[in-house]
Amino acid sequence: MSTPPLASGHEGPHALRPLLDTVLEALDTGARARGGPLPAGGPEAVAARIRKAVGDVLPDRGDPHAVRTLVHAFAETAADPAHPLCAAHLHCPPLAVAAAADLAACALNPSMDSWDQAPGASELERLVAGALAREIHATGTPDALVTTGGTESNQLALLLAREAHGGSVRLVCGANAHHSLPRAAWLLGLPDPVVVPAPGGTLDPRALDDALTRLSGPLLVAATAGTTDAGLIDPLPEIAAHCAAHGARLHVDAAYGGGLLFSDRHRTRLTGLDAADTVTLDLHKLGWQPVAAGLLAVRDGRDLTALRQRADYLNADDDTDAGLPDLLGRSLRTTRRPDVLKIAVTLKTLGRGGLGALVDQVCAHARQFAALVDEHPAFELHAPPVISTVLFRPTDATDPTVAAVRRALLTDGSAVLGRARLDGRLWLKATLLNPATGPDDLAALLHLAAASRATLVEGHTPR
């Protein structure tokens, strides 16, 4: 048996080209077979299709058509974030230029744990991380780490806070905080978090002040800029002022809302963000990157010294003294892929203006959809959107009916809506991250929700 061709090296591009044709064709045929934003039939039907396509996972003899077969099945059974009726989660459709750049990262396969595995990639990461850190913190000595997303970034933020305070810190967060924050406190062996009320979905600054007044010891306050349920932004300037008054460290989870920085129209909603010691930012949300593309920005780059580790085979002292960059302290992970390449290509290709325009588009789509909901007699709007998330529900429906409407749409594959519990009630959630969505798509999304509700409650589908 001849050796299968490799993805890089002199012959790599020649070996990849016909495979790319196969993959692109299978993506197309799979999407056509799916016919909508989600495969129809629900979990059991989808699982059966995958089992049929895969057959024997590890056969005695290989199948030369496996790429075509499995990519087709993968696309046919996917939830496609580029479909305008797929609007449930903070799951963006990636830009073609970013996906293309990611192919190069896959083919060359640098590992970002030592310079001799990623010579150019290490410098590219330094440049991009520094530039994005300065978008958040215009003064001081800002820096940033590339992460897999908000969960890793939030965990790192708690770790850095703990180390900055000599090994002990207590988390103070709103009831609206992302679940990864209390989970990180548990993983790091920190005390149980102090949870501050978040009436209406945002952290109450007065309640925060009361909590900081009665608490003692090192404290880390975590605020949110873009909640996962409704896209709400905590009152950052007031929170920052209370932290400064009480000597508490401040972290802002801006995994979702951080992308507003690219927009001249919307970046003022993040006023106060620069006061944070650490900030979480995800570019696989309002950055249109393939997963994963997260960052943790720090106001003071010296905080990152807490992550320094020594492994002679990766960053021996004499190599570092001789000028080889030390990458091991740039992550909690050892082997990690060069996610920075797709980010760099996107930033360079679109520029601030191009990214800002995409942010403005999806925010405008959310306002348009909210207006459609508000005008529709069969639906109730929770509130005008702050970013690109709209919460709504059928008028006078029970929570079980709201949940059933969503599941019915998922089962028939016609639309993908999320769910959120706010103000004691369950809401349908439309998270609009597709810049190509049009007015007809928004109207269709609402019509499908109305039709599903009518079928479940009244036993008929409206014309």
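Everything numeric here is computed off the predicted structure, so don't read it as measured data. Throughout, residues of each chain are indexed from 1 in the direction in which the sequence is written. The predicted nature of this model means local features are confined to residues of pLDDT at least 70 and side-chain atom pairs, given and counted, to a pLDDT of 80 or more, with totals for whole chains, interfaces and linings taken over all residues. Excluding hydrogens and water, the side-chain figures rest on all heavy atoms present in the structure.

1. Some words on a negative patch on the surface
Here comes step 1: Patches were defined on residues exceeding 30% relative accessible area and lacking a salt bridge, with like-charge contacts within 9 Å and nonpolar side-chain contacts (Val, Leu, Ile, Met, Phe, Trp, Tyr) within 5 Å. With residues, only the protein chains shown are counted as cover, and all accessible areas are computed by Shrake-Rupley using a 1.4 Å probe. Salt bridges are defined by distance alone: a side-chain nitrogen of Lys or Arg within 4 Å of a carboxyl oxygen of Asp or Glu. We score Asp and Glu as negative and Lys and Arg as positive, and we do not count His or the chain ends. To locate a charge, take atom NZ for lysine, CZ for arginine, CG for aspartate or CD for glutamate. A cluster of acidic residues, Asp116, Asp312, Asp318, Asp319 and Asp321, forms a negative patch at the surface.
Here comes step 2: The element contributing the most residues to the negative patch is helix α11 (residues 317-321), with three residues. Counting from the N terminus, the helices are DSSP H or I runs at least four residues long and the strands are E runs at least two residues long.

2. Section: empty space enclosed by the protein
Here comes step 1: A pocket here means an open set of points on a 1 Å grid, computed over the protein atoms alone, that has protein on both sides within 12 Å along at least five of seven lines. A cavity is instead a set of points where a 1.4 Å probe fits but cannot get out; residues with an atom within 4 Å of a point line either one. Grid points are joined across faces, edges and corners, and a volume is the space filled by probe spheres set on the points. Going through the model one piece at a time under the given rule, you end up with two cavities of 30 Å³ or more.
Here comes step 2: Of the pockets and cavities examined, the largest cavity occupies roughly 40 Å³.
Here comes step 3: Amino acids outside the nonpolar list (Ala, Val, Leu, Ile, Met, Phe, Trp, Tyr, Cys, Pro) and the charged list (Asp, Glu, Lys, Arg) are all regarded as polar, and Gly is one of them. Grouping the constituent residues of the lining of the largest cavity by class yields five nonpolar, three polar and no charged.
Here comes step 4: The space that makes up the second largest cavity amounts to roughly 30 Å³.
Here comes step 5: In this structure, the second largest cavity is lined by Glu125, Val146, Arg333, Arg336, Arg337, Pro338, Asp339 and Val340.

3. Thoughts on the pairing of strand β10 (residues 389-394)
Here comes step 1: Burial classes: relative accessible area under 20% of the type maximum marks a residue as buried, over 50% as exposed, and values in between as partly exposed (1.4 Å probe, protein chains only). In terms of residue burial, β10 counts as a mostly covered element, since six of its six residues are buried.
Here comes step 2: Neither face of β10 is open: one carries Thr389, Leu391 and Arg393, the other Val390, Phe392 and Pro394, and all of them are buried.
Here comes step 3: Where strand β9 (residues 379-381) and β10 come together, three bridges link them in antiparallel fashion. Among the inter-strand pairings, Glu380 is bridged to a residue of β10, identified as Arg393.
Here comes step 4: We treat two strands as partners when DSSP finds at least two bridges between them. In this sheet, strand β12 (residues 425-431) lies alongside β10 in antiparallel orientation, the contact comprising four bridges. Each bridged residue has a counterpart across the sheet, and for Thr389 the counterpart in β12 is Thr431.

4. Side note on the environment of Arg214
Here comes step 1: Within the secondary structure layout, Arg214 lies in helix α8 (residues 205-214).
Here comes step 2: Exposure remark for Arg214: the relative accessible area of 60% places this residue in the exposed category.

5. Remarks on the pairing of strand β3 (residues 170-174)
Here comes step 1: With four of its five residues buried, β3 lies for the most part within the structure.
Here comes step 2: Bridge count between β3 and strand β5 (residues 219-224): four bridges; the pairing is parallel. Bridged to Cys173 within β5 is Ala222.
Here comes step 3: When β3 meets strand β4 (residues 194-196), the two strands line up parallel, connected through three bridges. Among the inter-strand pairings, Cys173 is bridged to a residue of β4, identified as Val195.

6. Re helix α7 (residues 180-187)
Here comes step 1: All of the buried residues in α7 are Ser180, Leu181, Ala184 and Ala185. Looking down the long axis of α7, one finds its buried residues gathered within 145 degrees of arc, a one-sided arrangement. Taking the helix axis as origin, the arc is that swept by the directions to the C-beta atoms.

7. A few points about the packing of helix α2 (residues 42-54) against helix α3 (residues 66-76)
Here comes step 1: The angle between two axes is taken between their N-to-C directions and runs from 0 to 180 degrees, where each axis is a line fitted to C-alpha atoms and a helix contributes only its stretch in contact. Interaxial distance between α2 and α3 falls to 9 Å at its minimum, and their mutual angle equals 175 degrees. Here α2 is positioned roughly antiparallel relative to α3, judged by the angle of their axes. Of the residues in α3, those touching α2 at Arg49, Ile50, Ala53 and Val54 are Thr69, Leu70, Ala73 and Glu76.
Here comes step 2: Across the contact of α2 with α3, the residue classes break down as five nonpolar, one polar and two charged. Oblique is the label for any angle not under 35 degrees, not over 145, and not in the 65 to 115 range, which are roughly parallel, roughly antiparallel and roughly perpendicular in turn. Whether two residues are in contact is decided by their heavy atoms: any pair within 4.5 Å suffices.

8. Quick notes on the state of the cysteines
Here comes step 1: Here, the term disulfide refers to a pair of cysteine sulfur atoms separated by no more than 2.5 Å. Overall, the coordinates contain zero disulfides when judged by the stated rule.
Here comes step 2: Summary of cysteine pairing: Cys173 is not part of a disulfide, and the nearest cysteine sulfur, belonging to Cys243, is at 12 Å.
Here comes step 3: Relative accessible area serves as the criterion here: at 2%, Cys243 is assigned to the buried category.

9. With respect to the packing of helix α13 (residues 399-412) against helix α14 (residues 439-457)
Here comes step 1: Two elements in contact, α13 and α14, have axes separated by 9 Å at closest approach and are oriented at 115 degrees. As for how α13 packs across α14, the hand of that crossing is right-handed. Residue-level inspection shows Thr401, Ala404, Val405, Ala408 and Leu409 of α13 in contact with α14, the latter providing Leu448, Ala449, Ser452, Arg453, Leu456 and Val457.
Here comes step 2: A breakdown of the residues in the contact of α13 with α14 according to their chemical character gives eight nonpolar, two polar and one charged. Each crossing is labelled by how the near helix is turned from the far one, with a counterclockwise turn of less than a right angle marking it left-handed and a clockwise turn marking it right-handed.

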